[in-house]
Amino acid sequence: GNHTQPKFILLGITDTPWAQAPLFGLFLLIYIVTLVGNVGLMVLVWVAPHLHTPMYFFLAHFSLADVCYSTVISPKMLTDLLFGNKTISWAGCVTQFHLFALFVTAECHLLAAMAYDRHVAICHPLLYVTVVSPRACWWLVAWSYLVASLSALVYTSCTFGGSFCGPRRVDHFFCDASPVLRLACSDTRGGELAIFALATANGLGTSVVILLSYGRILHAVLGTRSAPSRARAFRTCASHLVSVSLFYGTLFFMYLQPASRHGSRDKVASVFYTVVSPMLNPFIYSLRNKEVKAALGKCRRRM
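Rules of the game
Residues numbered from 1 in each chain as written. Predicted model: local features only at pLDDT ≥ 70, side-chain atom pairs only at ≥ 80, totals over all residues. Heavy atoms only, no water. Pairing = 2+ DSSP bridges. Helix = DSSP H or I, 4+ residues; strand = E, 2+ residues; numbered from the N terminus. Contact = heavy atoms within 4.5 Å. Axes fitted to C-alpha atoms, helices over the stretch in contact; angles between N-to-C directions. Phe/Tyr/Trp six-rings, centres within 6.5 Å; stacked < 30°, edge-to-face > 60°. Buried < 20%, exposed > 50% of the residue type's maximum accessible area, 1.4 Å probe, protein only. Polar contact = N/O pair within 3.5 Å; in protein donor to acceptor, adjacent residues only side chain to side chain. 1 Å grid on protein atoms, 1.4 Å probe; cavity = no way out; pocket = protein on both sides within 12 Å on 5 of 7 lines; lining within 4 Å. Points joined across faces, edges and corners; volume = space filled by probe spheres on them. Disulfide = S-S within 2.5 Å. Salt bridge = Lys/Arg side-chain N within 4 Å of Asp/Glu carboxyl O. Lys, Arg positive; Asp, Glu negative; His and termini not counted. pLDDT = per-residue confidence, 0-100.

Another aspect to go through is the sheet that holds strand S2 (residues 87-89). Strand pairing in a sheet takes place through backbone hydrogen bonds and is either antiparallel or parallel in direction. Reading across from one edge, S2-S1-S3 is the order of the 3 strands in this open sheet, with mixed pairing throughout. Strands with a single pairing partner mark the edges of an open sheet, and in this sheet they are S2 and strand S3 (169-170). As judged from the 3 bridges shared by strand S1 (residues 7-10) and S2, these two strands associate in the antiparallel manner. Across the sheet, Ile-9 pairs through a bridge with Thr-87, a residue of S2. Lying over the sheet, helix H3 (residues 90-123) contacts S1 and S2, oriented at roughly 85° with respect to S2.

Now the structure itself:
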């Protein structure tokens, strides 16, 4: 059982020796850009008074979730590529998966909160200050982390609650549910069903909120007579929807398909939402924004 097999072996992205060094350089660069972009955005929101608005409050927490779940995955992947020591302890595997599930689920709910914020700002501007108050913002963020914490507990217990008596070789670059469950020698159908049901509730529930919010935004924008206002709203919505599509598309591919259909393509999809998406989000959501550019300019002049 679990006590006789204290370690797993992560097979990684590839077992080709000549590809290890280039992949290490590429993913190290991506991780550095992820940290600089997201931490820089959080600091900027903190020090710039005119960014103390609900939109940037949610963005700061979104960046925090990006940094956290990227840090859960990337350092271990980088050390495996550099040194070739791909073993991970039982406790390390459980902790890695639990924290990953927590912050990814929180990010889904934060995306829904951000879409609702934009919907109120564009469709009901006169009620914006009342509806999206500081207290409401804190409640939405607290709800995101509460649901994520409870969901992560269920995901982790369903994934690691059985017995593992076969080979301990996880065909992935981190401890994810599907490759770990394939190593179990006990019946995992109940756990897989629970993970699928909860992932569906979190994923589809938040995506419905996002789609309805942006649908109402599109309807309101099309009814606006001002061409500059329409263009500005379309640019904002388009950039947000790009990030949402990338994030949800890969998540749905990974977790809303039968276990029998999982294969080598899972690693490619996982790279997008664990490595690439956290790097792109600061650029998509903020660095094209005039308010963020103005805050960066003020900080540069002050320095």
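Time to look at the packing of aromatic side chains. Counted by the stated rule, this structure contains 13 aromatic pairs. Centre to centre, the rings of Trp-90 and Phe-160 are 5.6 Å apart; their planes meet at 85°, and the pair counts as edge-to-face. One end of the pair, Trp-90, is in helix H3; the other, Phe-160, is in helix H5 (residues 134-160), with 70 residues separating them in the sequence. Judged by relative accessible area, which is 6%, Phe-160 ranks as buried. Joined through ring pairs, the aromatic side chains of Phe-8, Trp-90, Phe-97, Phe-160 and Phe-164 make up one cluster.

Here we take up the environment of Ser-63. Relative to the elements of secondary structure, Ser-63 occurs in helix H2 (residues 54-83). C-alpha separation for the pair Ser-63 and Met-279, spaced 216 residues apart in sequence, amounts to 9.8 Å. Side-chain polar atoms of Ser-63 contact the side chain of Asn-38, separated by 3.4 Å.

Right, let's get into empty space enclosed by the protein. Counted by the stated rule, this structure contains 3 cavities of 30 Å³ or more. Considering only enclosed or pocket space, the largest cavity measures out at about 250 Å³ in volume. Around the largest cavity sit 18 residues that line it, and Val-104, Thr-105, Tyr-155, Ala-199 and Tyr-255 are the ones nearest its centre. For the lining of the largest cavity, the elements supplying multiple residues, two or more each, are H3, helix H7 (189-222) and helix H8 (227-255). For the lining of the largest cavity, the element with the most residues is H3, which contributes 6 residues.

The next subject is the state of the cysteines. Applying the stated rule across the entire model yields 1 disulfide. At a sulfur-sulfur separation of 2.0 Å, the disulfide partner of Cys-93 is Cys-175. Where Cys-93 bonds to Cys-175 through sulfur, the torsion about that S-S bond is close to -120°, and the disulfide is left-handed. Taken as a pair, Cys-93 in helix H3 and Cys-175 in the loop between S3 and helix H6 (177-181) lie far apart in primary sequence, 82 residues in all.

Bringing the pattern of salt bridges into the picture now. Counting across every chain of the model gives 4 salt bridges. One salt bridge in this structure joins Lys-76 and Asp-80, with 3.1 Å as the shortest N-O distance. With Lys-76 and Asp-80 both in helix H2 and 4 residues apart, the pair spans about one turn of that helix. A relative accessible area of 6% means that Asp-80 is categorised as buried. A salt bridge links Arg-118 to Asp-117; the nearest nitrogen and oxygen atoms lie 3.0 Å apart. Exposure class is identical for Arg-118 and Asp-117. Each is buried.

Attention shifts here to the environment of Cys-93. Overall, Cys-93 belongs to the buried group, its relative accessible area being 0%. Residues in contact with Cys-93, not counting those within four places in the same chain, are Phe-8, Ile-88, Phe-160, Cys-175 and Val-180.

Tracing the backbone shows Lys-86 in the loop between H2 and S2. Asp-80 is the oppositely charged side chain nearest to the buried, salt-bridge-free Lys-86, at an N-O distance of 6.8 Å. Of note is the side chain of Lys-86, whose polar atom sits 3.1 Å from the backbone oxygen of Leu-11. When sequence neighbours within four positions are dropped, the list of residues in contact with Lys-86 reads Phe-8, Ile-9, Leu-10, Leu-11, Gly-12, Thr-14, Gln-20, Lys-76 and Asp-80.

For the rest of this paragraph, the subject is the side chain of Ser-63. The exposure class assigned to Ser-63 is buried, which follows from its relative accessible area of 2%. When residues no more than four places from it in sequence are discounted, the contact partners of Ser-63 are Asn-38, Leu-41 and Met-42.

Before going further, it helps to examine the pairing of S1. Side chains Phe-8 and Leu-10 project from S1 onto a buried face, and the interleaved Lys-7 and Ile-9 project onto a face without burial. Here S1 runs beside S3; their pairing, made up of 2 bridges, is parallel. Within S3, the residue paired with Ile-9 across the bridge is Arg-169.

Per-residue confidence for the protein averages 84 on the pLDDT scale, and 91% of its residues sit at or above 70. Here helix H10 (residues 290-302) stands out as the least confident element of the protein, with mean pLDDT 72; H5 is the most confident, with 95.

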